[in-house]
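Coordinates in review
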Amino acid sequence: MSDTITKTTFVNAPLERVWRAVSDHREFGEWFRVALDQPFQAGQPTTGKMTYPGHEGHPWSAEVEAVEPPHRLALRWHPYGIDPNVDLDNEPTTLVEFRLEPEGDGTRVTITESGFDALPEARRESAMRGNEQGWEIQKDNLREFAEQRASA
């Protein structure tokens, strides 16, 4: 099993438009389906409640590692942290990075989540499997959101 999930997508929207979709906490919340309480600031936590169907109201939190306009946003979080019976406070986090690069008239987005090997063995496989599926959905959500906003 790999320690990393990587997803890429081409977004038919300018880099600045895609960066706003990734880095503005309100826009991020729309496509990611989470209501965030505060903007992304490096070295600060971000919290909120999930609005994703089936997980509505579930707490969401991450630590913002880096905000590097307009190319990189990095967060640390507890992957697939939706099991109320798991004490996440004592578990390591994974690193989620959104990297944006201009490509023609659009933007290439690479989403990478790494650090699964540090998770407890009992949760490692389910966290990786859940997030593998989740990032497949979220990359499409991001692409659709940014393209719709670019054409509006």
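Residues numbered from 1 in each chain as written. Predicted model: local features only at pLDDT ≥ 70, side-chain atom pairs only at ≥ 80, totals over all residues. Heavy atoms only, no water.

1. A closer look at the nonpolar core
Membership of the largest hydrophobic core comes to 34 residues, with the highest contact counts inside it found for Phe28, Trp60 and Phe98. If you tally residues by element for this core, the top one is helix α3 (residues 121–151), at 6 residues. Setting aside anything within four residues of it in sequence, one finds Trp60 in contact with Phe28, Phe32, Val34, Leu36, Thr46, Thr47, Gly48, Lys49, Met50, Leu75 and Trp77. (Core = buried A, V, L, I, M, F, W, Y, C linked by side-chain atoms within 4.5 Å. Buried < 20%, exposed > 50% of the residue type's maximum accessible area, 1.4 Å probe, protein only. Helix = DSSP H or I, 4+ residues; strand = E, 2+ residues; numbered from the N terminus. Contact = heavy atoms within 4.5 Å.)

2. So, the sheet that holds strand β3 (residues 45–50)
Spatially, 7 strands are ordered β1-β7-β6-β5-β4-β3-β2 in an open sheet, and the strand pairing comes out antiparallel. Two strands bound the open sheet, and with one partner strand each, they are β1 (4–11) and β2 (34–36). Here the strands of the sheet are splayed against their neighbours by 25 degrees on average, with no regard to which way each runs. Running over the sheet, helix α1 (residues 15–23) touches β1, β4 (59–68), β5 (72–77), β6 (94–103) and β7 (106–114) and is turned about 160 degrees from β6. Along the sheet, α3 contacts β1, β5, β6 and β7; its crossing angle with β1, the most-contacted strand, is approximately 15 degrees. (Pairing = 2+ DSSP bridges. Axes fitted to C-alpha atoms, helices over the stretch in contact; angles between N-to-C directions.)

3. A closer look at the packing of α1 against α3
Close contact between α1 and α3 brings their axes to 9 Å; oriented N to C, the two are set at 125 degrees. With respect to their mutual orientation, α1 and α3 come out oblique. Regarding α1 and α3, the two cross each other, and that crossing is right-handed. Touching Arg17, Val18, Ala21 and Val22 of α1 are Leu142, Phe145, Ala146, Arg149 and Ala150, all from α3. (Parallel < 35°, antiparallel > 145°, perpendicular 65-115°, else oblique. Left-handed = near helix turned anticlockwise from the far one by under 90°.)

That's the geometry; what it means functionally is another story.
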